[in-house]
Amino acid sequence: MISFLFFSIRRAWQGFWRNALMSLAATATMVLMLLLLAGFFIIQTGLLAALDFTEQKVEVVADIFDNAQPSQIEELRQRVLSLPEVAEVTFVSRDEALARFRERLKEQGEEDLSKALDSNPLHASLEVKLVTPEVFGDVVGMLREERIVEKVKEQQKLVDELLTVTNVLRTAGTVLLVVVGIIALFIIVNTIRLAVFARADEIEIMRLVGASDAFIRWPFVFEGAFVGFLGAVLTLVVLALAAEPINGFMLEFFQVLPIEVGSMTRGLVTLVMGTGVGLGIVGSWVSVRTYLIR
Amino acid sequence: MLHDVTKRYPNGKIALRDVDLVIPEGDFVFLVGPSGAGKSTLIKLLIRDEIATRGDVVLDGQDLARLPRRQVPRMRRKIGIIFQDFKLLPTKTVWENVAFALEVTGYPRRGIRPAVDQVLAIVGLSAQAKQTPNQLSGGEQQRTAIARALVHDPRLIIADEPTGNLDPLISWEILQLLLRINELGVTVLMATHNAEVVTALRKRVVALEEGRIIRDEVGGAYHRED
């Protein structure tokens, strides 16, 4: 078993270098396709993050009557929080609301006219962050029923439109990624087929001298895996080199977005490695099979 | 041994009809006949590249149609096959081409060198061991192929037009080599168009025409002699 493994790996290594031109062509194709795939993966990740970010902005704001007791408000807050679709409920008191209002005016450089007022015109409110914006309507309906709620700010139409747009973008992004993935798959598998086809004679001789299927197949499978591995490593090197200049521009654009660079990198490495090695193996397996079924 | 064998290809063409042929161990048999007579099909049946539509092909006591697919490679190692176009790997040296047959069949690594050296000595190519096929003459290439066929120590050598690409003098050389191998006890079945060689050697001749055996005589010539 061990010697068979050594045999296969040694033959795979020889096969790769003795047919260097074909192997390098397959590797180059692999790199190009993986780069394409990785590019779309990065765009897709960015897009999804942007959509999540946008959707997180959706919140339900319920104004509270000024005469509501703190205990009533706290009781409502707990009740809303216990709903499964609610992520977070913040109570904003009247004073806080005024402070925020002033803060915002200052940011915009406007003169603070509220100082001229002798009383605070703003209401206290509950700000409800949702797990998914789809349940927006339900939460609004529930809050409207409450006695201490004066009014719920009406944003339903805006939210619906936003959801339509984000869902379309999400679907389109996924479809595009899948399509690119399939194209990459076909091109890579086909290139490997060509590389195997160029060695049909070798396979025929092996069959005629009485080599078992395993002895014919596994060296090719290892070779395919090696091409995939090499392609994936080269792709990641290119991506790493490109990351520096791209990052500068991306960070500015993406800094507001909740992208975890660490997890995206992990995802990218997994995707590139998995696709490369996986397709190398599958491609070789399928290609050699054509010659073995008789 | 073939018993009552018919082979019909999927396209409807019948390549062999009711062929009965027994080749005893140690025989030297010429298989002659025009192109398309069924010589190649007969060979393919013997190496189980094809399976008979009807009838039995029995090799060394084994019915090839009943042989499980996994056993086919092991069976093929009992047969050495030689082709008109040599089928050598151009990127490998003579030595490596012969060793290849052992490597890919899982032969113990330590045994490879002596086995290859021995068969190269038999075919007289020890000096050319490190050359690649394109540095060799046609006769030397065919001798390499014969060495490769011999390296598994086969019971049967099947030669499909082994002299088809060679000039007459070299053809005789190859024939001498096959005869010597036969003298060592290996059965030889040689399909050929080479009338001169067949007639001169007076070995057993099996003639095929349109898928049937029309003649099977010991000590025969290439053409019928009446």
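Predicted, not measured: the structure shown is a model, and the values here were computed from it.

Analysis parameters
Every chain begins its residue count from 1, and numbering advances along the sequence as written. Labels are handed out in written order, letters beginning with A for the chains and numbers beginning with 1 for the ligands. Residues qualify for local features only when their pLDDT is at least 70, as the model is predicted, and side-chain atom pairs are given and counted only at 80 or more; totals for whole chains, interfaces and linings, by contrast, use all residues. Excluded from the side-chain calculation are hydrogens and water; included are all heavy atoms of the structure. Of the two site types, the cavity is a set of points on a 1 Å grid over the protein atoms alone where a 1.4 Å probe fits but cannot get out, and the pocket is an open set with protein on both sides within 12 Å along at least five of seven lines, each lined by residues with an atom within 4 Å of a point. Grid points are joined across faces, edges and corners, and a volume is the space filled by probe spheres set on the points. Only DSSP runs of H or I reaching four residues or more are called helices, and only runs of E reaching two or more are called strands; each is numbered from the N terminus. In this count, Pro and Cys sit with the nonpolar residues alongside Ala, Val, Leu, Ile, Met, Phe, Trp and Tyr, while Asp, Glu, Lys and Arg are called charged and the others, Gly among them, polar. In what follows, residue pairs with any heavy atoms lying within 4.5 Å of each other are defined as contacts. Buried area is a sum: the accessible area each of two parts loses on coming together, probed at 1.4 Å, counted once for each and added. Definition used for salt bridges: Asp or Glu carboxyl oxygen within 4 Å of a side-chain nitrogen of Lys or Arg. As a per-residue measure, pLDDT reflects the predictor's confidence and takes values from 0 up to 100. Strands pair, by our definition, only if DSSP identifies at least two bridges between them. Where helices are involved, their axes are fitted lines through C-alpha atoms of the stretch in contact, as for all axes, and angles between N-to-C directions lie from 0 to 180°. Here the aromatic set is Phe, Tyr and Trp, taking the six-membered ring for Trp, and pairing holds for ring centres within 6.5 Å; pairs whose planes are under 30 degrees apart are stacked, those over 60 apart are edge-to-face, and all others are tilted. Burial classification: accessible surface area is computed with a 1.4 Å probe over protein chains only, and a residue below 20% of its type maximum counts as buried, one above 50% as exposed, and the rest as partly exposed. Grouping into patches uses exposed residues only, defined as over 30% relative accessible area, and leaves out salt-bridged ones; the cut-off is 9 Å for like charges and 5 Å for nonpolar side chains (Val, Leu, Ile, Met, Phe, Trp, Tyr). Under the convention used here, a 1.4 Å probe and the Shrake-Rupley method define accessible areas, while residue burial counts only the protein chains that appear. Residue ranges assigned to each domain were obtained from an automatic or database domain assignment.

Colleague: Quick question: what am I supposed to make of the layout of surface pockets here?
Modeller: To find the voids left in a structure, one rolls a probe of water-molecule size over its atoms. Approximately 410 Å³ is the volume found for the second largest pocket. Residue lining of the second largest pocket: 22 residues in total, with Asp213(A), Arg69(B), Arg70(B), Val72(B) and Pro73(B) positioned closest to the centre. Taken together, the elements giving at least two residues each to the lining of the second largest pocket come down to helix H8 (213–254) of chain A together with helix H2 (72–76) of chain B. Per-element accounting of the lining of the second largest pocket gives the leading share, four residues, to H2(B). Here the lining of the second largest pocket is built from residues that sort into seven nonpolar, four polar and 11 charged.

Colleague: What should I look at first to understand the interface of chain A and chain B in this one?
Modeller: Note: interface size is frequently given as the accessible area lost on complex formation between the parts. Every contact between the two is made by 19 residues of chain A and, on the other side, 23 residues of chain B. Taken together, both faces of the contact between chain A and chain B bury some 1,900 Å²; the carbon and sulfur share is 55%. The tally of links between chain A and chain B comes to four salt bridges. With a closest N to O distance of 3.5 Å, Arg18(A) and Glu96(B) form a salt bridge. For the side of chain A that touches chain B, the secondary-structure elements that each account for two or more residues are helix H1 (2–18), helix H7 (200–208) and H8 of chain A. Ranked by the residues each element gives to the side of chain A that touches chain B, the list is headed by H7(A), at six residues.

Colleague: Can you help me understand the confidence of the model for chain A in this one?
Modeller: Residues of chain A with pLDDT of at least 70 account for 92%, and the chain-wide mean is 81. Looking at the elements of chain A, mean pLDDT is at its lowest for helix H5 (residues 136–144) of chain A, recorded as 77, and at its highest for H7(A), recorded as 88.

Colleague: Explanation requested: the sheet that holds strand S6 (residues 79–83) of chain B in the structure shown.
Modeller: In a beta sheet, neighbouring strands pair by backbone hydrogen bonds and run either parallel or antiparallel. All names here are of chain B. The mixed open sheet is built from six strands, whose spatial order is S6-S7-S8-S3-S9-S10. A single partner strand is all that each edge strand has here, and the edge strands are S6 and strand S10 (212–217). Direction aside, the axes of adjacent strands within the sheet are offset by 15 degrees on average. Pairing between strand S7 (residues 156–160) and strand S8 (residues 187–191): five bridges, direction parallel. Counterpart to Ile158 in the pairing with S8 is Leu189.

Colleague: Before we go on, may I ask you to explain the packing of aromatic side chains in this structure?
Modeller: One pair of aromatic rings is described through two measures. These are the centre distance and the angle between the planes. Residue and element names in this part refer to chain A. For the structure shown, the criterion picks out 10 aromatic pairs over all chains. Pairing Phe16 with Phe226 gives two aromatic rings, centres 4.9 Å apart and planes at 85 degrees, and the pair type is edge-to-face. Residue Phe16 is located in helix H1, and its partner Phe226 is located in helix H8; the two are separated by 210 residues in the primary sequence. Here Phe226 falls in the partly exposed class, since its relative accessible area comes to 23%. Plain terms: the ring middles of Trp218 and Trp285 are 5.6 Å apart, the flat faces sit at 75 degrees to each other, and that makes the pair edge-to-face.

Colleague: I would appreciate a short explanation of a nonpolar patch on the surface in the present structure.
Modeller: Together, Val175(A), Val179(A), Ile183(A) and Ile187(A) line one region of the surface with nonpolar side chains, adding up to about 300 Å² of accessible area. With respect to the helices, strands and loops of the structure, Val175(A) is situated in helix H6 (residues 156–197).

Colleague: Would you mind showing me how to read the domain arrangement of chain A here?
Modeller: As far as domains go, chain A holds domain 1 (2–54 + 163–292) and domain 2 (59–154). The C-alpha-based centres of domain 1 of chain A and domain 2 of chain A are spaced at 51 Å.

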